[in-house]
Amino acid sequence: MKRDNLSPSTRAIHTNEEGPRRNQPVAPPIYLSATFESKDIDEQVALEEAKADTFYTRYGNPTLSLAERVVAELESAEAAAVFGSGMAAITTSLLAHLKQGDHAVVQREVYGGAHRFALELLPRYGIEVSWFGATEPDGFEKAIRDNTRVVYLESPTNPTLKLVDIERIVSVSRERGIVSFIDSTFATPLNTRPHELGVDGVLHSATKYLGGHSDLLAGVVAGSRELVDRVKSFQRVLGGNLDPHAAYLLIRGMKTLGLRVRQHNDTALAIAHFLKEHDKVEAVHYPLLPSHPQYELAKRQMRGGGGVLSFEAQGGLEGAKRFSNAVSLIRVAPSLGGVESLLSIPCLTSHAMLSSEEREKAGIADGLVRLAVGTEEVSDLRADLEEALSAV
Ligand SMILES: Cc1ncc(COP(=O)(O)O)c(C=O)c1O
């Protein structure tokens, strides 16, 4: 059977098979070692020069290499690098592609940490940043300058689930020689295929769906061998590496990605429809609801709507607080992408650092609740939501 014809979720299960298939462990070993012994000094020098994964773990490690191969398979990319957090993957990738005097164009709705990095840190190193809105027509084109080197995207966005038209952006960035990055955490490698659409570097907070069990912190970037090698050469200095034990958990999580994402997609869509019909709910944001302003783009760009939705209950912030205090199955916690459903109120948590005017501009109402739908039975989630909404 030709491996190239396998679907990404099957490849995530079978990537560890190398060499003859006899007496191999079905689950991969964990190389829980900071360093590796060489036969002699000449071999040690050769290993370092070859950037081998059996020299020193900040330079590489066989367990990390396996995690990287699985990520590359999932994104249909030549290569991938794994990091100790999503933020380490984002900041290292951007620093590797920008230098003093360069200009970057960044989508306004990106994750708070990435937003802050672009707003506060990049300018300190002489890198100029311009912003554009995901749904702004020609926003990216208008922001481009002669020294624009990078465009940074995220789709769907947190917490309002807006999409950016990836093909449209890429058609311009490619023509202008601008390196494109996208944070595809919410979409997962199964629901949107940014690299196949032409994005150069695909980033994930692997803490979320790739890990899938709320028990590890990790980040990844996938792209061409050249792009990934460049990022890794910065990672060796900046040091945002993943621990081999966490890499094992990530590999294990990615084996069930297909299974989990299918369930997240189905359950979140059912919950989005349930909330849309509920008389205590004023608005629901979910890419695959026909009422989503970018529904046509969502159908074109996404194979499933993902596990995150947001909604406004009646009563503004007070209503949202009453609702949050009344859930029993769903847990009040930041993060997303695990099998358990989690909720948060963005204006009090992830977006508390924005002024109320900035939040209003971004479409984040004070009463907005973000629900990261897990993989529980729809009937159990509906019952919990019904009970909590009766408190609103
Ligand atoms: C969309 C998105 N990107 C990046 C990050 C940062 O990832 P990490 O917390 O793994 O550093 C997060 C974290 O919540 C996120 O939601």
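Residues numbered from 1 in each chain as written. Predicted model: local features only at pLDDT ≥ 70, side-chain atom pairs only at ≥ 80, totals over all residues.

Novice: Talk me through the overall build of the chain; I want residue IDs and the actual numbers.
Specialist: In terms of helices and strands, the chain carries 15 helices and twelve strands. Its C-alpha atoms give the chain a radius of gyration of 21 Å, within 12% of the compact-globule value 21 Å for 392 residues. When the backbone C-alpha atoms are referred to their principal axes, the chain occupies close to 70 × 55 × 35 Å. For the chain, the proportion of contacts with a sequence separation of at least 24, taken over those separated by at least 6, is 74%. (Helix = DSSP H or I, 4+ residues; strand = E, 2+ residues; numbered from the N terminus. Rg over C-alpha atoms; globule rule 2.2 N^0.38 Å. Contact = placed C-beta atoms within 7 Å.)

Novice: Please provide a residue-by-residue account of the domain arrangement of the chain, values included.
Specialist: Considered domain by domain, the chain is made up of domain 1 (3-30 + 61-255) and domain 2 (257-389). Between the C-alpha centres of domain 1 and domain 2 the distance comes to 24 Å. At the junction of the two partners, domain 1 supplies 28 residues and domain 2 supplies 34 residues. Where the side of domain 1 that touches domain 2 is concerned, the elements lending two or more residues are α1 (8-14) and α8 (188-191). Counting residues per element, the side of domain 1 that touches domain 2 draws most heavily on α8, at three residues. (Domains from an automatic or database assignment.)

Novice: Tell me what's going on with the sheet that holds strand β10 (residues 331-332), and back it up with residues and numbers.
Specialist: Read across the open sheet, the five strands follow the order β8-β9-β12-β11-β10; overall the sheet is mixed. Edge positions in the sheet fall to β8 (281-285) and β10, since each of these pairs with one other strand and no more. (Pairing = 2+ DSSP bridges.)

Novice: Before we move on, could you go through the pairing of strand β1 (residues 79-83) and cite the residues and values that matter?
Specialist: With five of its five residues buried, β1 lies for the most part within the structure. Of the two faces of β1, the one lined by A79, A81 and F83 and the one lined by A80 and V82 are each fully buried. Here β1 pairs with strand β7 (residues 219-223) via five bridges, running antiparallel. Paired with A81 across the two strands is V221, which belongs to β7. (Buried ≥ 20, exposed ≤ 12 C-beta atoms within 10 Å, placed from the backbone.)

Novice: Mind laying out the sheet that holds strand β2 (residues 103-107), listing which residues take part and the relevant values?
Specialist: In spatial order, the strands read β1-β7-β6-β5-β4-β2-β3; together these seven strands make up an open sheet with mixed pairing. The sheet terminates laterally at β1 and β3 (128-132), the two strands that pair on one side only. Geometrically, the sheet is characterised by an average inter-axis angle of 20° between neighbouring strands, direction not taken into account. As defined by bridge partners, strand β6 (residues 201-205) adjoins β7 across four bridges and the pair is classed as antiparallel. Of the residues in β7, the one forming a bridge with V202 is A222. Packed on one face of the sheet, helix α3 (residues 62-75) meets β1, β6 and β7 and runs near 125° to β1. Those strands touched by helix α7 (residues 166-176) are β4 (148-154) and β5 (179-183), and its axis lies near 160° from that of β5. (Axes fitted to C-alpha atoms, helices over the stretch in contact; angles between N-to-C directions.)

Novice: Explain the site of the ligand residue by residue, including any values.
Specialist: If you check the shell around the ligand, you find 14 residues, and the closest are S85, G86, M87, S205 and T207. Along the lines of polarity and charge, the residues of the shell around the ligand split into four nonpolar, nine polar and one charged. (Near = placed C-beta within 6 Å. Nonpolar A, V, L, I, M, F, W, Y, C, P; charged D, E, K, R; others polar.)

Novice: So what about the packing of α3 against helix α10 (residues 244-255)? Which residues, and what values?
Specialist: Two elements in contact, α3 and α10, have axes separated by 9 Å at closest approach and are oriented at 30°. Between α3 and α10, the angle is such that the two are roughly parallel. Between α3 and α10 lies a crossing of left-handed hand. Between α3 and α10, the residues in contact are T63, L64, L66, A67, V70 and L74 and P244, A247, Y248, L250, I251 and M254, respectively. (Parallel < 35°, antiparallel > 145°, perpendicular 65-115°, else oblique. Left-handed = near helix turned anticlockwise from the far one by under 90°.)

Novice: Which residues make up α10, and what values do they have?
Specialist: Across its twelve residues, α10 extends 17 Å between first and last C-alpha, which sits within 8% of the 16 Å expected from 1.5 Å per residue. What α10 keeps buried is the set P244, A246, A247, Y248, L250, I251, G253 and M254. Structurally, α10 contributes buried residues whose contacts are with α1, α3, β1 and α11 (257-277). (Expected span 1.5 Å × (residues − 1).)

Novice: Could you give an account of helix α4 (residues 86-97), naming the residues involved and the relevant values?
Specialist: With twelve residues, α4 ought to run about 16 Å at 1.5 Å a step, and its terminal C-alpha atoms sit 17 Å apart, in line with that. Of all twelve residues that make up α4, ten are buried, and the element is covered over most of its length. Every buried residue of α4 is listed here: G86, A88, A89, I90, T91, T92, S93, L94, A96 and H97.

Novice: Describe the packing of α11 against helix α15 (residues 378-389), with residues and values.
Specialist: Each packed pair of helices is defined by two parameters, the angle between the axes and the distance between the axes. Where α11 meets α15, the closest approach of the two axes is 10 Å, and the angle between their N-to-C directions is 35°. In the packing of α11 onto α15, the handedness of the crossing is right-handed. Residues T267, A270, I271 and F274 of α11 form the contact with α15, whose participating residues are V378, L381, R382 and L385. The class makeup of the residues in the contact of α11 with α15 is six nonpolar, one polar and one charged.

Novice: Quick rundown of the pairing of β7? Include the residues and the values.
Specialist: A large share of β7 lies buried, amounting to five of its five residues. Going residue by residue along β7, you find G219, V221 and G223 tucked away on one face and V220 and A222 tucked away on the opposite face as well.

Novice: I'd like a description of the nonpolar core, backed by residues and values.
Specialist: Judged by nonpolar contacts, the single largest core of 109 residues is most densely connected at A80, V82, V220 and L309. For this core, the two domains that each supply at least three residues are domain 1 (3-30 + 61-255) and domain 2 (257-389). (Core = buried A, V, L, I, M, F, W, Y, C linked by C-beta atoms within 7 Å.)

Novice: So what's going on with the environment of T188? Residues and values would help.
Specialist: Within the element layout of this structure, T188 appears in helix α8. Along the chain, T188 and E75 lie 113 residues apart, while their C-alpha atoms are 9.4 Å from each other. If sequence neighbours within four positions are ignored, T188 has contacts with Y209, V261 and G306.

Novice: Run through unusual backbone geometry, naming residues and quoting values.
Specialist: Backbone torsion omega between S155 and P156 reads -10°, so that peptide bond is classified as cis. Structurally, P156 is set in the loop between β4 and α7. Residue P159 is bonded to the preceding N158 through a cis peptide linkage, with omega at 0°. Relative to the assigned elements, P159 resides in the loop between β4 and α7. The backbone phi angle of T188 is positive, close to 65°, even though this residue is not glycine.

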